[in-house]
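Observations on the model geometry
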There are 2 protein chains.
Amino acid sequence: MDYKRIDAVDIEFLVSILAKDRVFTGKEISSDFSHDELGGISKMPDVLVEVLTTKEVSIIMEYAYNNRIPVVVRGSGTGLVGASVPIYGGIMINMAKMNKIIEIDEENLTLTLEPGVLLMEISEFVEEYDLFYPPDPGEKSATIAGNINTNAGGMRAVKYGVTRDYIRGLELVLPNGEIFNVGGKVVKNSSGYSIKDLICGSEGTLAIVTKVILKLIPLPPLAISLLVPFPNLDMAISTVPKIVKSKAAPTAIEFMQREVILAAEEYLGKKFPDNSSDAYLLLTFDGNSKEDIEKAYEKVANICIEEGALDVFIADTDERKDAVWSARGVFLEAVKASTTDMDECDVVVPRNKVAEFIKYTDELQKVFHIRIRSFGHAGDGNLHVYILKDDLTDKEWEQKRKEVFEAMYSKSRELKGLVSGEHGIGFAKKSYMLEQYGPEYLKLMENIKLAFDPKNILNPGKVCQ
Amino acid sequence: MDYKRIDAVDIEFLVSILAKDRVFTGKEISSDFSHDELGGISKMPDVLVEVLTTKEVSIIMEYAYNNRIPVVVRGSGTGLVGASVPIYGGIMINMAKMNKIIEIDEENLTLTLEPGVLLMEISEFVEEYDLFYPPDPGEKSATIAGNINTNAGGMRAVKYGVTRDYIRGLELVLPNGEIFNVGGKVVKNSSGYSIKDLICGSEGTLAIVTKVILKLIPLPPLAISLLVPFPNLDMAISTVPKIVKSKAAPTAIEFMQREVILAAEEYLGKKFPDNSSDAYLLLTFDGNSKEDIEKAYEKVANICIEEGALDVFIADTDERKDAVWSARGVFLEAVKASTTDMDECDVVVPRNKVAEFIKYTDELQKVFHIRIRSFGHAGDGNLHVYILKDDLTDKEWEQKRKEVFEAMYSKSRELKGLVSGEHGIGFAKKSYMLEQYGPEYLKLMENIKLAFDPKNILNPGKVCQ
């Protein structure tokens with residue numbers, strides 16, 4: 001693509017808007033900004049800027065648009081598919097310092113935020129008001145705008161849905177610098193095409209989120225977790241559709257295997273409540289009364305025992321819940337620390353196909369002689385499967401990674417799954433989405449991209465391009 | 001716009017695909033197909049066809065696309081803004097006979113349907129399985145595809161959200177005849193731009209919905225309704241933000257006035273449980289245990305009494321609930337039957353601005369000497385305000401209608417509301433959406449329209465055009 005290269009005049013312009021201490025070039029830019037959490041895709045921006053206001057974002061975009069300079073926006077950089085990597089160089093806008101909580105509105109049950117507020121700050125803040133922001137992705141240091149741009153789901157999607165379901169309104173800066181407000185504090189909206197829902201999951205390619213209005217709900221006063229050991233993973237996961245069918249409506253149903261638990265114990269330097277079994281389900285139930293929750297979890301505990309569970313541990317104190325969930329929270333880091341390099345696949349399949357998919361990935365370990373670790377959201381069919389490089393050479397790794405991924409995504413298609421449940425397509429998963437949808441479907445997506453960004457300057461080369 | 005006029009060759013083609021008994025022209029077409037529920041916008045299609053399969057829809061669209069013939073799709077025709085009126089003539093596709101329930105999947109909690117299944121059929125069907133499809137718009141004879149195309153909300157949006165929140169997957173026919181599947185039985189999806197969410201609320205302008213996969217949830221075993229009389233509407237509605245703030249989480253909070261109740265009594269020929277007060281709130285609570293529900297409604301009943309409610313009637317039997325909700329269900333028809341003609345405004349405002357908006361419409365009655373009736377979803381800020389023609393001349397009606405609407409939509413903007421909460425923009429509300437969003441925002445919507453439909457043949461002249 002034919003972009004203008006950043007030169008001294010451009011830098012001068014950016015300094016005139018932001019002052020010198022918020023414009024970085026060359027060695028002033030940490031290499032962290034060249035990649036996201038996984039690091040497999042990497043490129044430095046020509047210039048990195050820190051913004052504090054919507055107005056600044058708008059002025060920069062107008063300039064970039066007029067001069068045909070590529071722009072990539074970045075939050076915490078916790079992505080896994082290279083969506084925030086500036087593959088064409090140009091300007092990187094760091095939104096991390098637009099991180100104020102603007103307003104909590106208890107009459108409308110909304111929370112208004114700047115885009116750089118971290119997920120962990122949101123839950124802490126709203127729970128003081130007895131309110132609840134249900135989406136709960138594992139990576140709590142992600143920004144809210146990052147979560148919106150991937151439509152992150154997390155643990156509680158089983159009962160409460162995903163990020164999309166909690167976005168009431170957005171302030172956006174378009175590629176040409178225009179500022180639009182979509183949605184608002186309103187509960188319903190049928191006023192034209194839902195731009196808001198198109199931005200959600202668009203991975204920074206259509207517009208820049210500069211303000212967010214979230215929906216909150218009353219905080220359920222009680223929650224309890226069950227840790228259920230099974231003799232093997234197949235038995236554990238095969239139990240999940242029966243739990244769903246029982247209508248007990250758990251908040252979360254996670255699955256995990258001993259190897260991942262051991263890695264987490266080592267990473268955290270602290271013991272998990274139990275590591276003697278091969279596989280576990282971890283469930284949460286929340287509600288307004290103890291009776292309600294007990295009724296639900298007793299039903300589920302009985303189903304698990306009937307299906308061959310070895311025991312049912314109840315975590316009803318904060319301390320016990322923390323022991324389990326803090327381990328769950330570091331699985332990704334723990335697996336990453338156990339190997340030299342890794343890559344991930346976050347397919348989503350119908351809930352009753354999870355067992356079949358996991359069994360298949362297990363077989364791939366043997367076929368390809370490669371370590372594969374998985375954990376994830378059994379209750380909503382969204383798996384996080386990690387293939388580990390260990391002591392493979394770079395060349396072997398590239399080859400095996402490609403073959404294993406091809407096999408996994410092809411299996412997912414066979415099971416009527418989709419490429420990504422919550423991590424997105426970014427740069428790394430483009431070819432698999434193309435295989436899933438075909439060129440006509442991608443052409444439609446590209447047409448939508450050009451409807452927002454006719455000069456193709458905002459995060460080009462991502463998702464459908 | 002430069003469209004091909006339907007001629008004998010086109011009719012011959014349609015007959016070759018559908019056979020003679022599913023292709024209608026001239027006087028064979030009932031005038032019902034020239035308008036929707038309100039009738040203010042009216043135009044006959046040149047040819048009306050009945051389809052039974054996705055393949056038929058695809059062949060017709062490919063033909064229409066190649067020949068540049070405008071196409072409008074119609075379900076039950078229960079819309080209120082002219083979205084299904086063929087303002088450029090051409091082909092009307094009647095989807096009403098694609099009305100089979102295809103599959104209920106209890107392991108994935110999904111329901112797969114053809115687009116013409118009626119809302120009333122869905123709730124009846126799934127409740128047999130102890131499952132629940134929460135969206136509950138007043139018009140139960142609307143089709144599911146109609147509900148998807150307006151993103152209908154209904155009574156239970158306060159607790160359960162709107163139609164959008166329950167769409168898992170769609171099969172679509174694009175304007176050029178291509179068939180795409182978006183989403184699926186999966187719970188999460190971050191695989192490219194959400195075409196599914198763009199179709200939801202697009203009022204038949206982007207693609208034709210030919211199959212639907214809905215999300216179901218467990219049916220709450222218990223529900224109770226409260227009918228709460230207040231001395232006046234202002235007191236009733238001012239109580240709502242306090243209820244929301246109390247975190248009691250009712251399923252529905254509707255408001256109604258005595259005049260509308262009297263009209264419903266007359267229309268139904270049966271008595272409402274109480275009609276002695278000027279204004280009412282009607283609330284529902286649902287849940288798993290009696291204790292849970294009682295705790296919630298007692299809290300709310302106390303708030304209502306503190307705020308000046310005259311009494312609190314509890315409807316806990318099916319009979320009593322039916323007496324109240326069947327009246328609520330006919331409000332639109334009852335108001336319509338009480339006058340010569342009417343038009344409606346379904347603005348949505350933040351929940352704590354409803355009282356101010358309703359007070360304002362009340363003043364408009366006096367200023368413009370016109371009857372205005374309103375009812376609607378106090379709990380989610382979505383109002384249904386009807387202005388009645390009564391014995392005005394056509395000319396006076398046109399003039400007053402315009403002035404009253406201008407005043408109402410301008411007030412809504414002032415309160416940070418939006419043009420439509422659930423009825424859509426269609427043809428009738430285009431100018432008000434333009435005033436709200438401005439030309440640049442509409443241009444973006446039109447670019448999106450052209451991304452799907454470069455020849456602009458599918459329901460042209462609607463929403464943003």
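Residues numbered from 1 in each chain as written. Chains lettered and ligands numbered in written order. Predicted model: local features only at pLDDT ≥ 70, side-chain atom pairs only at ≥ 80, totals over all residues. Heavy atoms only, no water.

Chain A has the name FAD-binding oxidoreductase in an unreviewed UniProt entry, where Anaerosacchariphilus polymeriproducens is given as its organism. Regarding chain A, the relevant UniProt record gives this comment under Cofactor (unreviewed entry): "FAD". (UniProt positions renumbered as here; feature names shortened; annotations may be inferred.)

**A word on the overall build of chain A**
Of regular secondary structure, chain A possesses 16 helices and 18 strands. What you see for chain A is a C-alpha radius of gyration of 23 Å, in line with the 23 Å of a compact globule of 465 residues. With the principal axes as the frame, chain A shows a C-alpha extent of 70 × 60 × 45 Å. Considering chain A as a whole, with its 465 residues, one finds that 62% of them fall into the buried category. Counting only contacts in chain A whose residues sit at least 6 apart along the sequence, the fraction spanning at least 24 positions is 72%. (Helix = DSSP H or I, 4+ residues; strand = E, 2+ residues; numbered from the N terminus. Rg over C-alpha atoms; globule rule 2.2 N^0.38 Å. Buried < 20%, exposed > 50% of the residue type's maximum accessible area, 1.4 Å probe, protein only. Contact = heavy atoms within 4.5 Å.)

**Considerations on helix H15 (residues 430–437) of chain B**
Side chains that are three or four residues apart share a direction in an α-helix, a result of its 3.6 residues per turn. All names here are of chain B. Those residues of H15 that sit buried are Lys430, Tyr432, Met433 and Tyr437. Projected onto a plane normal to the axis of H15, the buried residues spread over an arc of 160° and lie on a single side. Of the surrounding elements, those touching the buried residues of H15 are helix H14 (394–414) and helix H16 (439–452). Downstream of H15 by one or two residues, Gly438 has phi in the positive range, about 85°. (Arc of directions from axis to C-beta.)

**Description of the packing of H14(B) against H15(B)**
Residues and elements named next belong to chain B. Interhelical geometry of H14 versus H15 gives an angle of 35° and a closest axis separation of 11 Å. For the element pair H14 and H15, the recorded crossing hand is right-handed. Contact residues: Lys402, Phe405, Glu406, Tyr409 and Arg413 in H14; Tyr432, Glu435 and Gln436 in H15. Considering only residue class, the contact of H14 with H15 consists of three nonpolar, one polar and four charged. (Axes fitted to C-alpha atoms, helices over the stretch in contact; angles between N-to-C directions. Left-handed = near helix turned anticlockwise from the far one by under 90°. Nonpolar A, V, L, I, M, F, W, Y, C, P; charged D, E, K, R; others polar.)

**Quick word on the sheet that holds strand E10 (residues 208–215) of chain B**
All names here are of chain B. Taken together, the five strands give an open sheet; going across it, the order is E5-E6-E10-E8-E9, and neighbouring strands pair in antiparallel fashion. The sheet is open, and its two edges are formed by strand E5 (101–105) and strand E9 (179–183), each paired on a single side. Neighbour-to-neighbour, the strand axes of this sheet turn through a mean angle of 15°, independent of strand direction. Relative to E10, strand E6 (residues 110–113) runs antiparallel, the two sharing four bridges. Following the sheet pairing, Thr112 is matched in E10 by Ile213. Strands strand E8 (167–173), E9 and E10 of the sheet are contacted by helix H2 (residues 54–67), whose axis makes an angle of about 50° with E8. (Pairing = 2+ DSSP bridges.)

**As for the pattern of salt bridges**
Residue and element names in this part refer to chain A. The full count for this structure, using the stated rule, is 57 salt bridges over all chains. Asp197 is paired through a salt bridge with Arg164; the nearest N and O atoms lie 3.1 Å apart. Note that Asp197 is positioned in helix H6 (residues 195–199) and Arg164 in the loop between helix H5 (157–160) and strand E8 (167–173), a separation of 33 residues in sequence. Of the residues examined, Asp197 reaches a relative accessible area of 1% and is grouped as buried. Across the salt bridge formed by Glu435 and Arg413, the nearest N and O atoms sit 3.1 Å from each other. In this pair, Glu435 is assigned in helix H15 (residues 430–437) and Arg413 in helix H14 (residues 394–414), connecting sequence segments 22 residues apart. (Salt bridge = Lys/Arg side-chain N within 4 Å of Asp/Glu carboxyl O.)

**Concerning the interface of chain A and chain B**
The interface of chain A with chain B comprises 82 residues on the first partner and 82 residues on the second. Carbon and sulfur atoms supply 59% of the area buried between chain A and chain B, which totals about 6,600 Å² over both sides. In this assembly, chain A and chain B are joined by six salt bridges. For Lys188(B), the salt bridge identified is with Glu422(A), shortest N-O distance 3.7 Å. For the interface between chain A and chain B, the tally reads 37 residue pairs in polar contact (both at pLDDT 80 or more). Of all the elements in the fold, those that place two or more residues in the side of chain A that touches chain B are strand E9 (179–183), H6, helix H8 (240–245), helix H10 (290–306), H15 and helix H16 (439–452) of chain A. Ranked by the residues each element gives to the side of chain A that touches chain B, the list is headed by H16(A), at nine residues. Among the residues forming the side of chain A that touches chain B, the class breakdown is 34 nonpolar, 26 polar and 22 charged. (Buried area = accessible area lost by both parts, 1.4 Å probe. Polar contact = N/O pair within 3.5 Å; in protein donor to acceptor, adjacent residues only side chain to side chain.)

**Let's talk about the relation of the copies chain A and chain B**
Of the two same-sequence chains, chain A is brought onto chain B (RMSD 0.0 Å, axial shift 0.0 Å) by a rotation of 180°. Such a combination of turn and shift is consistent with a two-fold rotation axis. (Least-squares fit on C-alpha atoms with pLDDT ≥ 70 in both.)

**What about the UniProt feature "domain: FAD-binding PCMH-type" (unreviewed entry) in chain A?**
When the UniProt feature table is mapped onto this chain, "domain: FAD-binding PCMH-type" (unreviewed entry) is found at residues 41–219 of chain A. Across residues 41–219 of chain A, helical content stands at 22% and strand content at 25%; the span's end C-alpha atoms are separated by 39 Å.

**Considerations on the packing of H16(A) against H16(B)**
Viewed as axis vectors pointing N to C, H16(A) and H16(B) meet at an angle of 160°, and their least axial separation amounts to 9 Å. On the basis of their axis angle, the class for H16(A) and H16(B) is roughly antiparallel. Crossing of H16(A) against H16(B): the hand is right-handed. Contacts from Leu444(A), Asn447(A), Ile448(A), Ala451(A) and Phe452(A) in H16(A) reach Leu444(B), Asn447(B), Ile448(B), Ala451(B) and Phe452(B) in H16(B). (Parallel < 35°, antiparallel > 145°, perpendicular 65-115°, else oblique.)

**Let's talk about the domain arrangement of chain A**
Residue and element names in this part refer to chain A. Along its sequence, chain A is organised into domain 1 (8–97), domain 2 (101–218), domain 3 (222–332) and domain 4 (339–424). When each unit is reduced to the centre of its C-alpha atoms, the spacing between domain 2 and domain 3 is 29 Å. Summing the contributions of domain 2 and of domain 3, the shared interface buries around 670 Å²; its carbon and sulfur component is 60%. Per-residue buried area on domain 2 facing domain 3 is highest for Met155, Val158 and Lys159; these three make up 75% of the total on that side. Run the count over domain 2 and domain 3 and you get one salt bridge. Here Asp286 ties to Lys159 by a salt bridge, and the two come within 2.8 Å at their closest N and O atoms. Applying the counting rule to domain 2 against domain 3 returns two residue pairs in polar contact (both at pLDDT 80 or more). If you tally residues by element for the side of domain 2 that touches domain 3, the top one is H5, at four residues. Taken together, the residues of the side of domain 2 that touches domain 3 sort by class into five nonpolar, one polar and two charged. (Domains from an automatic or database assignment.)

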